[in-house]
Amino acid sequence: MFKIGNIEIKSKVILAPMAGVTSLAYRDFMKPFGVGLTVTEMVSDCGLIYENKKTLDYIKTSELERPVAIQLFGNDAETIIKAIKICENENKNFDIIDVNLGCPVPKVTKAGSGSALLKNPAKLGDMFKKICASTSKPVTAKIRLGYSEDSINFLDNIKALEDAGITAIGIHARTTSQLYSGKARYELLKDLRNMMSVPLFVSGDIYSLDDAINALEITKADGVMVARGGVGNPTLVKQIDHYFKTGERLPNATLEENKKYLLQFADMLIEEKGEYRAMTILRGIAPKFLDGYPGMKQYKNMLAQSLSTRASLERILNDI
Ligand SMILES: Cc1cc2nc3c(=O)[nH]c(=O)nc-3n(C[C@H](O)[C@H](O)[C@H](O)COP(=O)(O)O)c2cc1C
């Protein structure tokens, strides 16, 4: 469908990175629904340099999910370049380096990383010239509209990144000060792709096929990033991918299908993290698989509050 560097992307759906959610199990679970590109959770460049064992786990990828991007964050070209070398040594099977320029969390921005880097496009350009020249892998970046309401400077940042040799750009249609609330503002991105020389993905409030159609129509982007809207609703990925390949609209998942998907994901997460850790994570995610079906409130509460083992998950689902 389109290419990032020499990597072919065969679906318009990009699985957006989400720290705490998009671990390998989640990415492998979502892939068969029609994901064109997966991205790891954001990984600290310094965490990799100090060979933090947990950080090394974050850069593990699978054959199934390919093409896959490893997403790094940092505040300095030299440390990011060192981290890229570590990724290349430790993992022979990934395709793209993505750099996080969108994270709004104070711990990250106070260190000058994540979306703090959007404040100065010229400096960003210099940094990316070095990063892009340091690796044979395609380098991509994920940005926001700007840091705050009075610095909506995505056009300057995109130009600086393109001049530096970037191969694709993802944009979250919110400012940093909006965090994750308020509406994604696609109206500001009208025809953006027509002003660019590299592929564009857009992100923000993609909860339905029509949200994806709308975002792509306004921006003319090459792909759309599915983030919170896909959690508990993997069928959304299938609906978007299928529509853009065939023009057909697929129905939403039935409750029975979603129960089956939840168990399937739980098993993959247990395999990755062990049962205890998997259940802790699932308390936040499992209820979302029951969203939108009538009469689910008590079961959602049970999943959120009393999941402790795989058997308890099965028991709750069987009771529905
Ligand atoms: C819990 C959570 C964690 C996130 N972690 C990352 C991350 O590690 N890297 C990144 O580039 N974006 C991250 N994001 C942003 C998403 O990729 C996406 O751009 C954002 O959620 C907007 O899309 P949505 O409104 O459809 O959820 C995160 C978002 C959420 C909700």
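The residue numbers shown here count from 1 along each chain, following its written sequence. The predicted nature of this model means local features are confined to residues of pLDDT at least 70 and side-chain atom pairs, given and counted, to a pLDDT of 80 or more, with totals for whole chains, interfaces and linings taken over all residues. In computing side-chain properties, one takes all heavy atoms of the structure into account and sets aside hydrogens as well as water.

Caption draft 1: Just the overall build of the chain, in detail. Each helix corresponds to a stretch of at least 4 residues labelled H or I by DSSP, and each strand to a stretch of at least 2 residues labelled E; elements are numbered beginning at the N terminus. Each helix and strand in the chain was counted, giving 13 helices and 11 strands. The size measure is the radius of gyration over C-alpha atoms, and the globule rule it meets is 2.2 Å times the number of residues to the 0.38 power. In terms of C-alpha radius of gyration, the chain reaches 19 Å, essentially the compact-globule figure of 20 Å for 320 residues. Based on the C-alpha atoms only, the size of the chain along its principal axes is roughly 60 × 45 × 35 Å. Only protein chains enter the accessibility calculation, which uses a 1.4 Å probe. A residue is then buried if its area is under 20% of the maximum for its type, exposed if over 50%, and partly exposed in between. Looking at the 320 residues of the chain, the share that counts as buried comes to 57%. For the chain, the share of sequence-separated contacts (at least 6 apart) that also reach a separation of at least 24 residues comes to 68%. Surface summary for the chain: the accessible area is close to 14,000 Å², and the carbon and sulfur share equals 51%. We treat Lys and Arg as the positive residues and Asp and Glu as the negative residues; His and chain ends play no part in the count. Note on charges: their place is set at NZ of Lys, CZ of Arg, CG of Asp or CD of Glu. Each charge class in the chain can be summarised by its mean position, and for the 42 positive and 38 negative side chains these summaries are 2 Å apart. Here a residue-residue contact requires only that any non-hydrogen atoms of the pair lie within 4.5 Å. To be clear on the numbers: accessible area is Shrake-Rupley with a 1.4 Å probe, and residue cover counts the displayed protein chains and nothing else.

Caption draft 2: Inspection of the pairing of strand 11 (residues 223-226) at higher detail. Side chains Gly223 and Met225 project from strand 11 onto one buried face, and the interleaved Val224 and Val226 project onto a second face that is buried too. At least two bridges found by DSSP between two strands is the condition for calling them paired. Bridge count between strand 3 (residues 13-15) and strand 11: three bridges; the pairing is parallel. When the bridges of strand 11 are listed, Leu15 appears paired with Val226. For strand 10 (residues 200-203) and strand 11, the ladder comprises three bridges, and the chain directions are parallel. When the sheet's bridge partners are listed, Phe201 is paired in strand 11 with Gly223. Read as a crossover between parallel neighbours, the route from strand 10 over helix 8 (residues 209-219) to strand 11 is right-handed. When the strands point away from the viewer and the path from the first strand over the helix to the second turns clockwise, the crossover is right-handed.

Caption draft 3: Layout of the site of the ligand. A cutoff of 4 Å decides nearness: a residue is near a molecule or strand if any of its heavy atoms lies inside that distance of it. Residues in contact with the ligand amount to 17 residues; listed here are only the nearest, Pro17, Gln71, Ser203, Asp205 and Arg228. N or O atoms closer than or at 3.5 Å make up a polar contact, with two conditions inside protein: a donor-capable atom paired with an acceptor-capable one, and, for residues adjacent in sequence, both atoms drawn from side chains. Ala19 has a polar backbone atom sitting 2.8 Å from a nitrogen atom of the ligand. At 2.7 Å from an oxygen atom of the ligand is found a main-chain nitrogen or oxygen belonging to Asp205. Relative to its free-state accessible area of 610 Å², the ligand is covered by the protein chains to the extent of 88%. For the shell around the ligand, a count of residues per class yields eight nonpolar, five polar and four charged. Amino acids outside the nonpolar list (Ala, Val, Leu, Ile, Met, Phe, Trp, Tyr, Cys, Pro) and the charged list (Asp, Glu, Lys, Arg) are all regarded as polar, and Gly is one of them.

Caption draft 4: Geometry of the packing of helix 8 against helix 9 (residues 235-246). Where helix 8 contacts helix 9, the axes come no closer than 9 Å and their chain directions differ by 50°. As the angle between them shows, helix 8 and helix 9 are arranged oblique. Once helix 8 is placed against helix 9, the crossing between them reads as right-handed. Contacts from Leu209, Ala212, Ile213 and Leu216 of helix 8 reach helix 9 at Leu236, Gln239, Ile240, Tyr243 and Phe244. Looking at side-chain class alone, the contact of helix 8 with helix 9 contains eight nonpolar, one polar and no charged residues. Axes here mean lines fitted to C-alpha atoms, for a helix over just the part in contact, with angles spanning 0 to 180 degrees between N-to-C directions. Angles below 35 degrees are treated as roughly parallel, those above 145 as roughly antiparallel, those between 65 and 115 as roughly perpendicular, and all remaining angles as oblique. In a left-handed crossing the near helix is turned counterclockwise from the far helix by less than a right angle, and in a right-handed crossing that turn is clockwise.

Caption draft 5: Region of the structure containing unusual backbone geometry. Here the bond from Arg66 into Pro67 is cis, since omega is 0°, no more than 30 degrees from zero. Locating Pro67 in the fold gives a position in the loop between helix 3 (53-58) and strand 6 (68-73). One non-glycine residue with positive phi stands out, namely Leu179, at about 50°. Looking at where Leu179 falls in the secondary structure, it is placed in the loop between strand 9 (168-172) and strand 10. Judged by its relative accessible area of 44%, Leu179 is partly exposed. We note that Lys220 has phi near 65°; this positive angle belongs to a residue other than glycine. Secondary-structure assignment places Lys220 in the loop between helix 8 and strand 11. Relative accessible area serves as the criterion here: at 39%, Lys220 is assigned to the partly exposed category.

Caption draft 6: The arrangement of the environment of Ile171 in detail. Looking at where Ile171 falls in the secondary structure, it is placed in strand 9. Sequence spacing of Ile171 and Ile9 is 162 residues, and the spatial spacing of their C-alpha atoms is 18 Å.

Caption draft 7: Highlighting the environment of Thr246. Within the secondary structure layout, Thr246 lies in helix 9. Judged by relative accessible area, which is 42%, Thr246 ranks as partly exposed. One polar contact links the side chain of Thr246 to the main-chain amide nitrogen of Glu248, over a distance of 3.0 Å.

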